[in-house]
Amino acid sequence: MHNTQPHFEKALLGKIAKGDEKAFEKFFDLYKKRFYSVVLKMTRSDQVAEEIVQDVFLNIWQNRSTLGSIDNPSSYFFTAVYRRVYLHYRKIAQDRKLLQVISQKSDSVNTTDEMVLGRESEQLITQAIMRLPPQQQLIFKLSKQEGMDREEIARQLHISPNTVKNHLTCALKFIRTFLRNPNFTILITFWLLKK
């Protein structure tokens, strides 16, 4: 059985590369617990582990046409998992650095100027939020203004946490595009992070 496993996996990947959803389900069953266990040990968070595992599988499916050329599936996929965990921690570190820069700048900025920019930023952000589709607007407000997490929003709106995540991603992308004024970039980023 041990010797036939790599051959079985390669055959499975060949089918997935051709768009076979049943084969992908088998692959998902084969790797899900193993991926989750590794990510949970590294992040110590059920929610983060679930999100990372979902992202890894989504990425595998989206890039399925390349799967047929993988020689060592287990090594390849666990490397992808480790890379995704690394990116998760790198993003946390970048967010912390950004908050540090903002707090240092806020010590040296004139209070009146800061208040004016803050008010203008809030107005621009409000305008951007008002232009979001109704569902995105509601989810964004519940998350950033009411402070609810994805699970709470999902329960309240009777949708999946992944749908909430997708709406928030789209909303933030739109707002950042709308707010392309360099004068407000730091304060706007701070506003989005602190809410």
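Rules behind the numbers
- Sequence order as written defines the numbering, with residues in each chain counted from 1.
- Confidence filtering applies because this is a predicted model: local features only for residues at pLDDT of at least 70, side-chain atom pairs given and counted only at 80 or more, and all residues used for totals across whole chains, interfaces and linings.
- Side-chain figures throughout are based on the complete set of non-hydrogen atoms in the structure, without hydrogens or water.
- Under the scheme used here, helices are H or I runs from DSSP no shorter than 4 residues and strands are E runs no shorter than 2 residues, and both carry numbers assigned from the N terminus.
- Only protein chains enter the accessibility calculation, which uses a 1.4 Å probe; a residue is then buried when its area is under 20% of its type maximum, exposed when over 50%, and partly exposed in between.
- In what follows, residue pairs with any heavy atoms lying within 4.5 Å of each other are defined as contacts.
- Residue exposure ignores everything except the shown protein chains as possible cover, and the areas themselves are Shrake-Rupley values with a 1.4 Å probe.
- Salt bridge, as used here: a side-chain nitrogen of Lys or Arg that lies within 4 Å of a carboxyl oxygen of Asp or Glu.
- Each axis is a line fitted through C-alpha atoms, and for a helix only the stretch in contact is used; angles between axes span 0 to 180 degrees, taken between their N-to-C directions.
- Crossings are classed by handedness, with left-handed meaning an anticlockwise turn of the near helix from the far one by less than a right angle and right-handed meaning a clockwise turn.
- Gly is placed with the polar residues, together with every amino acid not listed as nonpolar (Ala, Val, Leu, Ile, Met, Phe, Trp, Tyr, Cys and Pro) or charged (Asp, Glu, Lys and Arg).
- Whenever a nitrogen or oxygen atom comes within 3.5 Å of another N or O atom, the pair is scored as a polar contact, on the condition that within protein one atom can donate a hydrogen and the other can accept it, and that pairs from neighbouring residues in sequence are kept only if both atoms are in side chains.
- Among buried residues, those of type Ala, Val, Leu, Ile, Met, Phe, Trp, Tyr and Cys that are joined through side-chain atoms within 4.5 Å constitute a nonpolar core.
- Put simply, two rings from Phe, Tyr or Trp (the six-membered ring, in Trp's case) pair if the centres are within 6.5 Å, and we call them stacked under 30 degrees between planes, edge-to-face over 60, tilted for the rest.
- Working rule: Lys NZ or Arg CZ, within 6 Å of ring centre, within 35 degrees of ring normal, means a charge sits over the ring.
- Residues with no salt bridge and a relative accessible area higher than 30% make up the patches, which join like charges within 9 Å and nonpolar side chains (Val, Leu, Ile, Met, Phe, Trp, Tyr) within 5 Å.
- Neither His nor the chain termini are counted; the positive set is Lys and Arg, and the negative set is Asp and Glu.
- Charge placement uses NZ in Lys and CZ in Arg. For Asp and Glu, CG and CD serve respectively.

Novice: Quick question: what am I supposed to make of the overall build of the protein here?
Specialist: For the protein, the count of helices and strands is 9 helices and 0 strands. The secondary structure elements of the protein, listed N-terminal to C-terminal, are α-α-α-α-α-α-α-α-α. Among the 195 residues that make up the protein, the fraction classed as buried is 28%. At a minimum sequence separation of 6, the contacts of the protein that also span at least 24 residues come to 66%. For the protein, the computed accessible surface area is about 12900 Å², with 53% contributed by carbon and sulfur atoms.

Novice: What exactly am I supposed to notice about the pattern of salt bridges here?
Specialist: Here the idea is simple: oppositely charged side chains can pair when their charged atoms come close. Counting across every chain of the model gives 4 salt bridges. As a salt-bridge pair, Arg150 and Glu51 come within 2.5 Å of each other at their nearest N and O atoms. Of this pair, Arg150 sits in helix H7 (residues 150–157) while Glu51 sits in helix H3 (residues 46–62), and the two are 99 residues apart along the sequence. A salt bridge links Asp55 to Arg84; the shortest N-O distance between them is 2.8 Å. Here Asp55 is found in helix H3, whereas its partner Arg84 is found in helix H4 (residues 73–108), with 29 residues between them in sequence. Residues joined by salt bridges that share partners form a network here, namely Asp55, Arg84 and Lys165.

Novice: Would you explain the packing of helix H2 (residues 21–43) against H3 in this entry?
Specialist: Describing two packed helices takes the angle between their axes plus the distance from one axis to the other. Following both chains from N to C, one finds H2 and H3 inclined at 145°, their axes separated by 9 Å at the closest point. Crossing geometry of H2 relative to H3 is assigned as right-handed. Contacts from Glu21, Phe24, Phe27, Phe28, Tyr31, Lys32, Phe35, Tyr36, Val39, Leu40 and Thr43 of H2 reach H3 at Asp46, Val48, Ala49, Glu50, Ile52, Val53, Val56, Phe57, Ile60 and Trp61. Here the contact of H2 with H3 is built from residues that sort into 16 nonpolar, 1 polar and 4 charged.

Novice: Even after reading the chapter, I still don't get H7, so can you show me in this structure?
Specialist: Because the α-helix completes a turn every 3.6 residues, residues three or four places apart line up on one side. Residue Asp149 occupies the N-cap position of H7, its side-chain oxygen lying 3.1 Å from the main-chain nitrogen of Glu151. Immediately downstream of H7, the backbone of His158 shows phi near 60°, a positive value.

Novice: What's the story with the nonpolar core in this structure? I'm lost.
Specialist: Generally speaking, a soluble globular protein has its nonpolar side chains buried in company with each other. Residues Phe27, Phe35, Phe57, Ile60 and Phe77 are the most contacted members of the largest nonpolar core, which totals 23 residues. Every element with two or more residues in this core is listed here: helix H1 (5–17), H2, H3 and H4. In this structure, Ile125, Leu142, Ile153 and Leu168 belong to the second largest nonpolar core, which totals 15 residues.

Novice: What should I look at first to understand the packing of aromatic side chains in this one?
Specialist: The geometry of two aromatic rings is summed up by the distance between their centres and the angle between their planes. Scanning all chains against the criterion turns up 13 aromatic pairs. Relative to Phe57, the ring of Phe27 has its centre 5.9 Å away and its plane inclined at 80°; by these criteria the two rings are edge-to-face. Here Phe27, found in helix H2, pairs with Phe57, found in helix H3; they are 30 residues apart in sequence, far enough to count as distant. When its relative accessible area of 2% is taken as the criterion, Phe27 is described as buried. Three or more aromatic residues link up through ring pairs in this structure, and these residues are Phe24, Phe27, Phe28, Tyr31, Phe35, Phe57, Trp61, Tyr76, Phe77 and Phe78. In this arrangement the basic side chain of Arg64 is found over the ring face of Trp61, its NZ or CZ atom lying 4.1 Å from the centre.

Novice: In this structure, what is going on with a negative patch on the surface? I would like to understand it.
Specialist: On the surface, Asp46, Glu50, Asp149, Glu151 and Glu152 cluster together to form a negatively charged patch. Contributing elements (two or more residues each) for the negative patch: H3 and H7. Here Glu50 shows up in helix H3.

Novice: Sorry if this is basic, but what is going on with the environment of Leu12 here?
Specialist: When you line up the elements, Leu12 lands in helix H1. Taking C-alpha positions, Leu12 is 9.0 Å from Gly68, a pair spaced 56 residues apart along the chain. Leaving out residues up to four positions away in the same chain, Leu12 has contacts with Ala23, Lys26 and Phe27.

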